[in-house]
Amino acid sequence: MKKLRLMSSAAMLAFLSIGAMTFVSCTDDTECEVGYEGKDCNTEVRQKFIGNWTAQDTEVGGSQLPTYTASIAASNSGIDKLNIGGFSGLPSNGGFSANVVVTADGMTFRIPVQEPDNDGYQVYGQGTINAAGNTITVQYTIKQVSTQAEISYTGTWTK
């Protein structure tokens with residue numbers, strides 16, 4: 001009888017241990033819906049990017065663009081979408097007058113190929129925000145559709 005009770009207790013203890021490990025590991029592996037992050041999945045991924053950023057971009061192998069303000073705001077087109085106003089500076093300096101739409105994912109945003117001003121110039125690239133949330137590093141390319149000529153830029157945007 002003691003042997004049966006001891007075996008039953010050992011089996012129950014093993015079962016509870018496995019159940020507890022499974023419960024703990026589930027919380028670590030929680031996957032949030034697209035556009036959300038955090039322990040409770042209630043934080044919008046894009047939130048950390050929103051605001052006005054002082055942007056300093058440099059043509060790869062070339063000169064610096066004049067400093068400009070990149071205004072990042074939530075987009076109505078999706079929970080993971082952002083609009084960037086003033087992208088690449090004033091239109092007179094080669095920047096875009098219309099918003100550039102980007103997709104946020106974790107600590108990065110992706111700039112899909114788009115022609116914001118419908119003027120024959122496309123933009124594409126990406127940006128990454130630092131852990132402190134006060135600097136974004138961007139890499140993007142502007143392409144003239146008719147000639148296929150491309151100019152690439154890197155930039156540092158600070159809040």
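In this text the structure is predicted, and so the values were computed from the model without any measurement.

Conventions adopted
Residues numbered from 1 in each chain as written. Predicted model: local features only at pLDDT ≥ 70, side-chain atom pairs only at ≥ 80, totals over all residues. Heavy atoms only, no water. Phe/Tyr/Trp six-rings, centres within 6.5 Å; stacked < 30°, edge-to-face > 60°. Helix = DSSP H or I, 4+ residues; strand = E, 2+ residues; numbered from the N terminus. Pairing = 2+ DSSP bridges. Core = buried A, V, L, I, M, F, W, Y, C linked by side-chain atoms within 4.5 Å. Buried < 20%, exposed > 50% of the residue type's maximum accessible area, 1.4 Å probe, protein only. Disulfide = S-S within 2.5 Å. Axes fitted to C-alpha atoms, helices over the stretch in contact; angles between N-to-C directions.

### Examining the packing of aromatic side chains
Enumeration over the complete set of coordinates arrives at seven aromatic pairs. Their ring planes at 75 degrees and their centres at 5.5 Å tell us that Phe-49 and Phe-109 sit as a pair that is edge-to-face. A residue pair is termed long-range when its members are at least 10 positions apart, and Phe-49 in the loop between strand S2 (43-44) and strand S3 (51-59) and Phe-109 in strand S7 (residues 108-114) qualify at 60 residues. Seen in terms of ring centroids, Tyr-68 and Trp-157 are 6.4 Å apart; in terms of plane orientation they differ by 75 degrees. Their pairing is edge-to-face.

### Focus: the pairing of strand S10 (residues 149-158)
As paired strands, S3 and S10 are joined by six bridges and run antiparallel to one another. If you follow Glu-59 over to S10, its bridge partner there is Tyr-153. Adjacent in sequence and paired antiparallel, strand S9 (residues 135-144) and S10 are bridged by four residues, among which Gln-148 carries a positive phi angle near 65 degrees.

### Overview of the nonpolar core
Most often, soluble globular proteins keep nonpolar side chains buried together rather than apart. Phe-87, Phe-109, Ile-136, Tyr-140 and Trp-157 are the most contacted members of the largest nonpolar core, which has 25 residues in total. For this core, the leading source of residues is S9, giving four residues.

### Structural notes on the state of the cysteines
Tallied over the full model, the rule gives one disulfide. The side chain of Cys-32 participates in a disulfide bridge whose partner is Cys-41; the two sulfur atoms lie 2.1 Å from each other. Taking the sign of the S-S torsion, about -75 degrees here, the bridge from Cys-32 to Cys-41 comes out left-handed. With a relative accessible area of 25%, Cys-32 lands in the partly exposed category.

### Observations concerning the sheet that holds strand S4 (residues 68-74)
Here we have eight strands rolled up into a closed barrel, ordered S3-S4-S5-S6-S7-S8-S9-S10, and antiparallel in their pairing. In this sheet, adjacent strand axes meet at a mean angle of 30 degrees when their direction is disregarded. Sheet topology note: the strand S6 (residues 100-105)/S7 ladder contains three bridges and is antiparallel. Its bridge partner being in S7, Thr-103 is matched across the sheet by Arg-110.

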